[in-house]
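Overview (structure and organization)
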Amino acid sequence: MTQTNTQVRLAARPIGLPKASDWEIREEPVPTPGEGQFVVAISHLSLDPAMRGWMNAGASYIEPVEIGAVMRAGGVGEVSASQHPGFAVGDHVVGAFGVQEYALSDGMGVNKVDPSLAPLPTYLGTLGMTGMTAYFALLDVGKPQTGNTVVVSGAAGAVGSVAGQIARIKGCRVIGIAGGEEKCRWLTDELRFDTAIDYKHEDVRAALREHAPEGIDVYFDNVGGDILDAALTRLARGARIVICGAVSQYNSTEGFKGPANYMSLLVARASMTGMVVFDYATRFAEAAREIAGWMQDGSLISREDVVEGGVRAFHDTLLSMFAGENVGKLVLHVGAS
Ligand SMILES: NC(=O)c1ccc[n+]([C@@H]2O[C@H](COP(=O)([O-])OP(=O)(O)OC[C@H]3O[C@@H](n4cnc5c(N)ncnc54)[C@H](OP(=O)(O)O)[C@@H]3O)[C@@H](O)[C@H]2O)c1
């Protein structure tokens, strides 16, 4: 019996939140590797807010996904067939394999990972792009100093939960902003943030005034919109704002809402800087080593939210992320392993 490769392809560019009809589910034969190629049986896929941007036409930091193409996604899996000298059957690998069950690769941008050191989903999260983003955005752009007050939005998500913990490790006072009491309790009780603000039930501006009376030294922004505006009103002199993302705006049908309170940057002599993780690719190994050390000595907790259902569950799982249902790194389980 020929094995099939179930794929999720982009059928239409969404307006607002993606709809089921924006995807085409296709079944193809599992590819056969040619000379210099190998096939990966994907076990887990990374779900990322950035996927929403990749579905739009137009220039960004990366090419859009073409209509009809397999949806772009980071994945981890096991080499199931190979004609490549550098990758053998049984090797575990991470790369941009797409929303499908099997991927054909020539090895470009693919790295081997060791499942005996960490579970495979962790290589998509804290030891993958998530961890790299948190590490470089906080340390290279945010430049936290011991004793600084660091505020992180999207704090119970993949990037935010790691960024906040690194800030704590660096001796900062850490305030997380997240949706819901349970997420906030996780931040303070398990991740040892100093405070957490539930933006769904609290007045963020008033809470920041209470919890950051001396002002915010580093604001690590994952969400943009009203929360960015609230943080702008509480800057300490010389504050650094890291623009990591703006998930509150990705599905907006009314255009991106920019910061109204930007003149606070002038008053506080502050800076607001965007970062893209790919710019740090040559330093990923260095960051992964340090993060792995923190995980090993218990100072950093890595949490993956693994959803079952295979590639057919991709659409619903993506929507669950925009509804804030994930805690930590959202990963879709695809294969048998
Ligand atoms: N610059 C880069 O190179 C780079 C790389 C990776 C990721 N990123 C960015 O980092 C941010 C976090 O990504 P992630 O992968 O860690 O995702 P994530 O935080 O694990 O998941 C998204 C979270 O966003 C929150 N959210 C959804 N809608 C929201 C809204 N309207 N207002 C406020 N919060 C909302 C939800 O948590 P709540 O329950 O708290 O609402 C949800 O759990 C994103 O903006 C992403 O684009 C940037």
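Just above, that's the structure.
Let us look at the structure shown here. Throughout, a residue's number is its position along its own chain's written sequence, starting from 1. This being a predicted model, a pLDDT of at least 70 is required before a residue's local features are given, and a value of 80 or more before pairs of side-chain atoms are given or counted; all residues contribute to the totals for chains, interfaces and linings. Hydrogen atoms and water are omitted, and side-chain values are computed over all heavy atoms in the structure.

Observations regarding the sheet that holds strand E9 (residues 173-178)
- Taken in spatial order, the 6 strands of this open sheet run E10-E9-E8-E11-E12-E13, and their pairing is parallel. In the strand order of this sheet, the two ends are held by strand E10 (195-198) and strand E13 (271-274), each with one partner. The sheet shows a mean angle of 15° between the axes of neighbouring strands, direction not considered.
- In the packing of helix H4 (residues 181-189) onto the sheet, contacts are made with E9 and E10, and the angle to E10 comes to roughly 170°.
- The contact criterion used throughout is that any non-hydrogen atoms of two residues lie within 4.5 Å. Inter-axis angles, ranging from 0 to 180 degrees, are taken between N-to-C directions of lines fitted to C-alpha atoms, where helices are fitted over the stretch in contact. Helix numbering and strand numbering both begin at the N terminus, where a helix is a DSSP run of H or I of at least 4 residues and a strand a DSSP run of E of at least 2. Here helix H5 (residues 204-211) sits on the sheet in contact with strand E8 (149-153), E9, E10 and strand E11 (216-221), set at roughly 165° to E10. Strands pair, by our definition, only if DSSP identifies at least two bridges between them.

Things to note about the packing of helix H2 (residues 129-142) against helix H8 (residues 284-296)
- The contact between H2 and H8 brings their axes to 10 Å, and the two run at 95°. For the element pair H2 / H8, the angle class is roughly perpendicular. From H2, Met129, Gly131, Met132, Tyr135 and Phe136 reach across to H8, where they touch Phe284, Glu286, Ala287, Ala288, Glu290, Ile291 and Trp294.
- Tallied by class, the residues present in the contact of H2 with H8 amount to 9 nonpolar, 1 polar and 2 charged. Any angle between 65 and 115 degrees counts as roughly perpendicular, while under 35 counts as roughly parallel, over 145 as roughly antiparallel, and the rest as oblique. Gly is placed with the polar residues, together with every amino acid not listed as nonpolar (Ala, Val, Leu, Ile, Met, Phe, Trp, Tyr, Cys and Pro) or charged (Asp, Glu, Lys and Arg).

Some points on the nonpolar core
- Nine residue types can take part in a nonpolar core, namely buried Ala, Val, Leu, Ile, Met, Phe, Trp, Tyr and Cys, and a core is a set of them joined through side-chain atoms within 4.5 Å. Remark: exposure states derive from per-residue accessible area (1.4 Å probe, protein chains only) relative to the maximum for the residue type, with buried under 20%, exposed over 50%, and partly exposed in between. Phe136, Leu187 and Met275 are the most contacted members of the largest nonpolar core, which totals 46 residues.
- Only H2, E8, helix H3 (158-169), E9, H4, E11 and H8 provide two or more residues apiece to this core.
- By residue number, the principal contributor to this core is H2, which donates 7 residues.
- Not counting residues within four places of it along the chain, the set of residues in contact with Phe136 comprises Val141, Met275, Tyr280, Arg283, Phe284 and Ala287.
- Among the nonpolar cores identified, the runner-up in size contains 30 residues, and Leu47, Met55, Val65 and Met71 belong to it.

Side note on the site of the ligand
- Proximity is defined per residue: any heavy atom of the residue falling within 4 Å of a molecule or strand makes that residue near it. Taken together, 25 residues sit near the ligand, with Val159, Lys183, Tyr199, Tyr250 and Asn326 positioned nearest.
- Here Cys244 contributes a backbone N or O atom positioned 3.0 Å from a nitrogen atom of the ligand.
- Here a polar contact is recorded for every N or O atom pair within 3.5 Å, except that within protein the pair must consist of a potential hydrogen donor and a potential acceptor, and residues adjacent in sequence are included only if both atoms are side-chain atoms. A distance of 2.6 Å separates an oxygen atom of the ligand from a polar side-chain atom of Asn326.
- Residue-level accessible areas treat just the shown protein chains as cover; the underlying method is Shrake-Rupley with a 1.4 Å probe. Alone, the ligand offers 910 Å² of accessible surface; in the complex the protein occludes 89% of this.
- Elements supplying a minimum of two residues to the shell around the ligand: H3 and helix H9 (314-322).

Things to note about the pattern of salt bridges
- We define a salt bridge as a side-chain nitrogen of Lys or Arg found within 4 Å of a carboxyl oxygen belonging to Asp or Glu. In this structure the tally under the stated criterion is 11 salt bridges.
- The residue Lys19 makes a salt bridge to Asp22 at a minimum N-O spacing of 3.7 Å.
- On the basis of relative accessible area, Asp22 is assigned to the buried category, the value being 2%.
- For the salt bridge of Asp91 with Lys112, the shortest nitrogen-to-oxygen distance reads 3.4 Å. Of this pair, Asp91 sits in the loop between strand E4 (75-82) and strand E5 (92-95) while Lys112 sits in strand E7 (residues 111-112), placing them 21 residues apart in sequence.
- You can call Lys112 partly exposed: its relative accessible area is 49%.
- Each member of the salt-bridge network shares a partner with another, and the members are Arg9, Glu24, Arg26 and Glu28.

A short note on H3
- Working rule for helices: expected span equals 1.5 Å times residues minus one. Here H3 contains 12 residues, and its C-alpha end-to-end distance of 17 Å stays within 8% of the 16 Å for a straight helix at 1.5 Å per residue.
- Burial analysis of H3 places 11 of its 12 residues in the buried class, which makes it a mostly covered element.
- The set of residues buried in H3 consists of Ala158, Val159, Gly160, Ser161, Val162, Ala163, Gly164, Gln165, Ile166, Ala167 and Arg168.
- Backbone geometry just downstream of H3 places Gly171 in the positive-phi region, at approximately 85°.

Concerning a nonpolar patch on the surface
- Exposure above 30% relative accessible area and no salt bridge define the residues that can form patches, which grow by joining like charges within 9 Å and nonpolar side chains of Val, Leu, Ile, Met, Phe, Trp and Tyr within 5 Å. A contiguous nonpolar patch, built from Tyr262, Met263, Leu266 and Val267 and spanning about 440 Å² of accessible area, is present on the exposed surface.
- Topologically, Val267 is positioned in helix H7 (residues 263-268).

With respect to the side chain of Asp48
- Position of Asp48 relative to the elements: it lies in the loop between strand E3 (38-46) and helix H1 (50-54).
- Here Ser46 takes part through its side chain, which lies 2.6 Å from a polar atom of the side chain of Asp48.
- If we ignore the near neighbours within four places in the chain, the residues touching Asp48 are Leu318, Met321 and Lys329.

What about the pairing of E8?
- Taken across its 5 residues, E8 has 5 buried, putting it largely inside the fold.
- What you see with E8 is no split at all: Thr149, Val151 and Ser153 on one side and Val150 and Val152 on the other are buried throughout.
- With 5 bridges joining them, E8 and E9 adopt parallel strand pairing. Across the sheet, the residue bridging to Val151 is Ile175, located in E9.
- Every crossover in which the path from the first strand over the helix to the second runs clockwise, viewed with the strands pointing away from the viewer, is termed right-handed. Crossover handedness for the path E8 to H3 to E9: right-handed.

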